[in-house]
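Chain and residue survey
Here are the chains, one letter per residue:
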Amino acid sequence: MTSAIPAKPANPTRNPDREPGVQTRDTPKKKSTKHYSDRVRAERKLGWILAGPAFVVMLLVTAYPILQATYESLFQFRLTAPDEREFIGLGNYAVILTDPVWWSDLWTTVLITVITVAVELVLGFALALVMHKAIKSFRGILRTAILVPYGIITVVSAFAWFYAFDINSGYVNNWFSWLPGIDEDLNWFAQTGTALFVIMASEIWKTTPFISLLLLAGLAQVPDELSEAAKVDGATWWEQMRKVIIPNMKAAIMVAVLFRALDAFRIFDNVFIMTNGAYGTEVLSLLAYRQSISRLEIGLGSAVSVLLFLCVLIICFIAIKLFKVDLAGSQGGK
Amino acid sequence: MPISRTERKTRRRPRAAGIGSVLVGILLVSGCGPAESDNTLTWYINPDDGGQAAIAERCTQESGGAYSIETSLLPSDAASQREQLARRLAAGDSSLDIMSLDPPFIPELAEPGFLAPVPDDVAERTTENVVEGALAGATWKDELVTVPFWANTQILWYRESVAEAAGLDMTQPVTWDQIIEAAASQEKTLGVQGAQAESMTVWINALIESAGGSIVTDPEATADEIELGLVSEAGTEAARIISTIGEEGLGGPGLATQDENNSMIGFQGDSGSFMVNYPFVWPATNAAVDAGTLDAALIDDIGWAIFPQVTEGEESAPPLGGIDLGVGAESDNPALAYEAIECIVSVENQAEYFITNGNPPSNTEAYEDPRIEETFPMAETIRESLEQSAPRPQTPFYNEVSTGLQQTWAPPASVDPETTPETSSEFITAVLRGEQLL
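What this report covers is the structure whose coordinates are included nearby. (Residues numbered from 1 in each chain as written. Chains lettered and ligands numbered in written order. Predicted model: local features only at pLDDT ≥ 70, side-chain atom pairs only at ≥ 80, totals over all residues. Heavy atoms only, no water.)

Turning to the overall build of chain A, a few remarks are in order. Looking only at helices and strands, chain A has 13 helices and 2 strands in total. Looking at chain A as a whole, 43% of its 334 residues are labelled buried. Considering only residue pairs separated by 6 or more positions, chain A has 67% of its internal contacts joining residues 24 or more positions apart. About 18,400 Å² of surface is accessible on chain A, with carbon and sulfur atoms providing 68% of the total. (Helix = DSSP H or I, 4+ residues; strand = E, 2+ residues; numbered from the N terminus. Buried < 20%, exposed > 50% of the residue type's maximum accessible area, 1.4 Å probe, protein only. Contact = heavy atoms within 4.5 Å. Areas by Shrake-Rupley, 256 points an atom, 1.4 Å probe, with all protein chains shown as cover.)

Let's shift gears to the overall build of chain B. Each helix and strand counted, chain B has 20 helices and 11 strands in total. Every one of the 438 residues in chain B was classed for burial, and the buried ones make up 56%. In chain B, the share of contacts with a sequence separation of at least 24, taken over all contacts with a separation of at least 6, comes to 73%. For chain B, the exposed surface amounts to about 17,800 Å²; the carbon and sulfur share of it is 47%.

This brings us to the interface of chain B and chain A. With 31 residues of chain B at the interface, the matching set in chain A holds 27 residues. Of the roughly 2,400 Å² buried at the junction of chain B and chain A (both faces included), carbon and sulfur atoms supply 55%. Put simply, chain B and chain A have 3 salt bridges between them. For the salt bridge of Arg295(A) with Glu400(B), the shortest nitrogen-to-oxygen distance reads 2.9 Å. The set of elements that each furnish at least two residues to the side of chain B that touches chain A consists of α4 (78-90) and α19 (398-409) of chain B. Its residues assigned to classes, the side of chain B that touches chain A shows 15 nonpolar, 10 polar and 6 charged. (Buried area = accessible area lost by both parts, 1.4 Å probe. Salt bridge = Lys/Arg side-chain N within 4 Å of Asp/Glu carboxyl O. Nonpolar A, V, L, I, M, F, W, Y, C, P; charged D, E, K, R; others polar.)

All names here are of chain B. Axis separation between helix α9 (residues 176-185) and helix α11 (residues 233-247) bottoms out at 11 Å; the angle between their running directions is 5 degrees. On the basis of the axis angle, α9 is roughly parallel to α11. Along its contact with α9, which presents Trp176, Asp177 and Ile180, the element α11 presents Arg240, Ile241, Thr244 and Ile245. When its residues are assigned to classes, the contact of α9 with α11 shows 4 nonpolar, 1 polar and 2 charged. (Axes fitted to C-alpha atoms, helices over the stretch in contact; angles between N-to-C directions. Parallel < 35°, antiparallel > 145°, perpendicular 65-115°, else oblique.)

Residues and elements named next belong to chain A. A rise of 1.5 Å per residue sets the reference length of helix α7 (residues 192-221), with its 30 residues, at 44 Å; its end C-alpha atoms lie 42 Å apart and thus fit the reference within 8%. The principal kink in α7, of about 40 degrees, is found at Thr207, preceding the proline Pro209 by one to four residues. The element α7 is largely enclosed, with a buried count of 21 among its 30 residues. (Expected span 1.5 Å × (residues − 1). Bend = angle between axes of the 7 residues up to and from the residue.)

Residues and elements named next belong to chain A. According to the stated counting rule, one finds 29 aromatic pairs over all chains in the structure shown. Consider the rings of Phe268 and Tyr289, whose centres lie 5.4 Å apart with planes at 55 degrees: the pair is tilted. With a gap of 21 residues between them, Phe268 in the loop between α10 (250-265) and α11 (269-274) and Tyr289 in helix α12 (residues 284-294) connect regions that are remote in the sequence. Classification of Tyr289 as partly exposed rests on a relative accessible area of 21%. Site record: aromatic cluster; members linked through ring pairs are Trp161, Phe165, Trp188, Phe197 and Trp205. Residue placement shows Arg85 over the ring face of Phe75; its charged tip is 4.5 Å from the ring centre. (Phe/Tyr/Trp six-rings, centres within 6.5 Å; stacked < 30°, edge-to-face > 60°. Lys NZ or Arg CZ within 6 Å of the ring centre and 35° of its normal.)

Here the focus is the pairing of strand β1 (residues 75-78) of chain A. Residue and element names in this part refer to chain A. Strand direction decides the pairing type here: β1 and strand β2 (residues 81-87), joined by 3 bridges, are antiparallel. Note that in β2 the partner of Phe75 across the bridge is Phe87. What sits between the antiparallel neighbours β1 and β2 is a turn of 2 residues. (Pairing = 2+ DSSP bridges.)

Turning our attention to the nonpolar core. Residue and element names in this part refer to chain B. Within the largest apolar cluster, 53 residues are counted, with the highest numbers of intra-cluster contacts made by Met170, Trp176, Ile245, Phe274 and Trp409. Within the residue set of this core, elements represented by two or more residues are β7 (155-159), α8 (160-165), α9, α10 (198-210), α11, β9 (272-277), α19 and α20 (420-432). Not counting residues within four places of it along the chain, the set of residues in contact with Ile245 comprises Trp176, Ile180, Leu190, Val192, Trp203, Leu250, Gly251 and Leu255. Counting residues in hydrophobic clusters, the runner-up holds 30 residues, among them Val327, Ile341, Val345 and Tyr353. (Core = buried A, V, L, I, M, F, W, Y, C linked by side-chain atoms within 4.5 Å.)

It is worth spelling out helix α16 (residues 347-357) of chain B at this point. Residues lying three or four places apart along an α-helix face the same way, a consequence of the helix completing one turn every 3.6 residues. Residues and elements named next belong to chain B. Buried within α16 we find Asn349, Gln350, Ala351, Tyr353, Phe354 and Asn357. Taken together, the buried residues of α16 touch α3 (51-62), β6 (147-153), α15 (334-344), α17 (370-375) and α18 (379-388). Where α16 ends, the next residue or the one after it, Gly358, has phi of about 75 degrees, a positive value.

Okay, the sheet that holds strand β2 (residues 68-73) of chain B next. Residues and elements named next belong to chain B. Reading across from one edge, β2-β1-β3-β11-β6 is the order of the 5 strands in this open sheet, with mixed pairing throughout. In this open sheet, the two edge strands, each paired with only one partner strand, are β2 and β6. Strand-to-strand, the axes of this sheet are offset by a mean angle of 15 degrees, without reference to chain direction. Where β6 meets strand β11 (residues 320-326), 6 bridges bridge the pair, whose relative direction is antiparallel. Note on β11: the bridge partner recorded for Ala151 is Gly322. Taken strand by strand, α18 contacts β6 and β11, and its axis lies near 110 degrees from that of β6.

The values are spatial; any link to function lies outside them.
Quick look at the structure:
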């Protein structure tokens, strides 16, 4: 995706290496904190005072469970057999990582993440463009309409999609029987392929508005002068898109992709409601749920959760370090 | 809490009392009720048609102030009910005075001592005339750990027109092979539960038990020593029946996701022939006819018989379900809870519960209530079925066994009598030994 950056940045004021939070236009690039000016230092201090309490609270409510889960994951511990708790070191991790179930669930999760995020990005961008270009009087209604699916609770939307496709109560088979492969007897939730299709469709329908909203914010940041100048130079719509608008929106796009990828990777509700992991649709969150909540195997379940957490960290690392997602940049550095 | 005291004072005036009680009701529902006095018992109930709440109210009144029972609703499916209760019990929640428990999960809760012991005199009084299967379900390691309340069982429902056309004599017990053949020859579908869910375990267990085997041969063993009886003649027979129905498409296109409710809907339709299902089918079908969604002629076409045999001439072992009542070990007042339980499971309450909610009594004496025969013409078959029934494996590792079975035996079309019992057995054993994930 880095190839989308043009050789010469279209926006000369953009500096991808700038320190997040240091938004002063004239601050040169500096790696060491020693050389910050008084003003920058005062700004940083204020930043800590403002964000510090929230940071501490977050640390308490997220770090504590993470640490506890990591600790529990080193034990063989079943909630209904409290006396048989036994320290087994990394034994749980060995069981999980040598089990084909973990790898097939990881594969399913990655598949869902990649497909849903890719489709959502395309659809979301189209919707963002529609919202951006819509005439003023129409804009409010349009945005509300597009955002409705996002406002629906996932469990509710999962049930709605489930009942629509269910072989007993659904209408989809009836409505779309003219399509090849769909007939009255198609049981969507009985095979991996069709079941994942419904799960992903529901996921895409529900979260595309989120991506389109983030992209709309990015679109609004692209200065009109740039596309006007390109237009004057004779650039076609596609060229304006590719050379001017998208490169200038890169930060917003990457933030949208990162947020959605993290969300999609932790998918639970849709799968839980529609198939409960049956017939090859199990995802990692459901695997963790099955061990900790259904089996009450706290040790094994915690180990799955810790591994899931590590996967999420890896996604963040890839996005931030390799694709250089600038989390502060989407707010606009202009 | 101060709020509740003010509410109580307002009861002097009738109108204010009305408003007051509504407010108290709202507060109770929202979980901020008055501070519980010493004789308030909380009964965690599974969702029903309001029958348990009615019994709670009746017993509260009959106790003359000795105790008052409040009900608290559990999630709708048995697995989630277990999850909630097990976590609360493990955390030492003292509000678990009375719990409606699904029998397969009782050993898991009894083994670590999460249940308060049943006093001998209560055990004696509440087990009189109780069907054997229900008693077995309420017991762990030869000791009664819960009190049998109601007992569920599956019977064979059939469409008389189809049975007649196929030339089956339904006055005698039929076999699975016979109904498979009849459904195939009449081009109808069989009502069975092929979804990857608890209903699959219920089916497998009934088939294996009917063939004279058992899923778990030594239920009291520890996790790493447990022996499964799947690789056996009975296991192969069960797999053969399930795979035949799956492969020949006799369960209809929805078989792989079919639960009890879905099979009932299929049975009520044009392709219905034979179905194994619980007694709820009867009130549900009658209600649909009354509401005008089903043809009234359907009712006259429905017949019932005992669960089909696996081996001709050998009595079948129908599924057993139902609810037993347990008392949490940390309850503040176990003696009072057992006193209330005795009232709840009284013969009259069990009969009333059957008539109003369709849940069959575990006490055979309750079937003598003349109203039962009127509402449930198949009551005698149900009672007979209960006496023949076999519980699901009574082991503390039931959840692993059941989920393992579901993951390896569904969908029915993928079952292979040659390999499935063995794969399934190896998988469950590996999970129990902690070598594999579930």
